[in-house]
Amino acid sequence: LRGGAEGIPKEIPNKPTKYRLFVANLPQGLNDAGLYEAFMPFGTIEEAKVLRDIETGQSRRMAYVSFKKMTEMDEALDEMHQSTVCAKAPGSSGPP
């Protein structure tokens, strides 16, 4: 991409491609760490981010999970599609 307007870079630097999944209908209590833990069996996670309401900080019950490799993302999609992710209570080490 090239630009010429003031304040817009003339070239956007190459960034590594992220293989990102959009996840919806998450439990209200799930945080970034719980999301990471749920998807970690499928490969190297570069980012796991629960989307939050900007005013209240409450979960919007949606998230993005970015993987290092496309094959890892594909495996997570195949295995997790239509499954349920449970949120653990803060400080809990066992199942919810």
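Cut-off values and rules
Residues numbered from 1 in each chain as written. Predicted model: local features only at pLDDT ≥ 70, side-chain atom pairs only at ≥ 80, totals over all residues. Heavy atoms only, no water. Pairing = 2+ DSSP bridges. Helix = DSSP H or I, 4+ residues; strand = E, 2+ residues; numbered from the N terminus. Buried < 20%, exposed > 50% of the residue type's maximum accessible area, 1.4 Å probe, protein only. Contact = heavy atoms within 4.5 Å. Polar contact = N/O pair within 3.5 Å; in protein donor to acceptor, adjacent residues only side chain to side chain. Axes fitted to C-alpha atoms, helices over the stretch in contact; angles between N-to-C directions.

Draft legend 1. Here's a closer look at the pairing of strand 2 (residues 45–52). Alignment of strand 2 against strand 3 (residues 59–67), held across 6 bridges, turns out to be antiparallel. For Val50, the partnering residue across the bridge sits in strand 3 and is Ala63. Count of turn residues in the strand 2/strand 3 antiparallel hairpin: 6 residues, of which Gly57 carries a positive phi of about 80°.

Draft legend 2. Here's a closer look at the environment of Arg52. On the secondary structure map, Arg52 appears in strand 2. Using a relative accessible area of 39% as the deciding quantity, one classes Arg52 as partly exposed. Setting aside chain neighbours within four positions, we find Arg52 in contact with Leu30, Asn31, Gly57, Gln58, Ser59 and Arg60. Of note is the side chain of Arg52, whose polar atom sits 3.2 Å from the backbone oxygen of Gly57.

Draft legend 3. The arrangement of the sheet that holds strand 3 in detail. Read from one edge to the other, the open sheet built from 3 strands follows the order 1-3-2, with strand pairing classed as antiparallel. Two strands close off the open sheet at either side, each with one partner strand: strand 1 (19–24) and strand 2. Pairwise comparison of adjacent strand axes, ignoring direction, gives a mean angle of 20° for this sheet. Set on the sheet, helix 1 (residues 32–39) makes contact with strand 1, strand 2 and strand 3; between it and strand 2 the angle comes to about 135°. Contacting strand 1 and strand 3, helix 2 (residues 70–80) crosses the sheet at an angle of about 20° to strand 1.

None of the figures reported here should be taken as evidence of function without further support.
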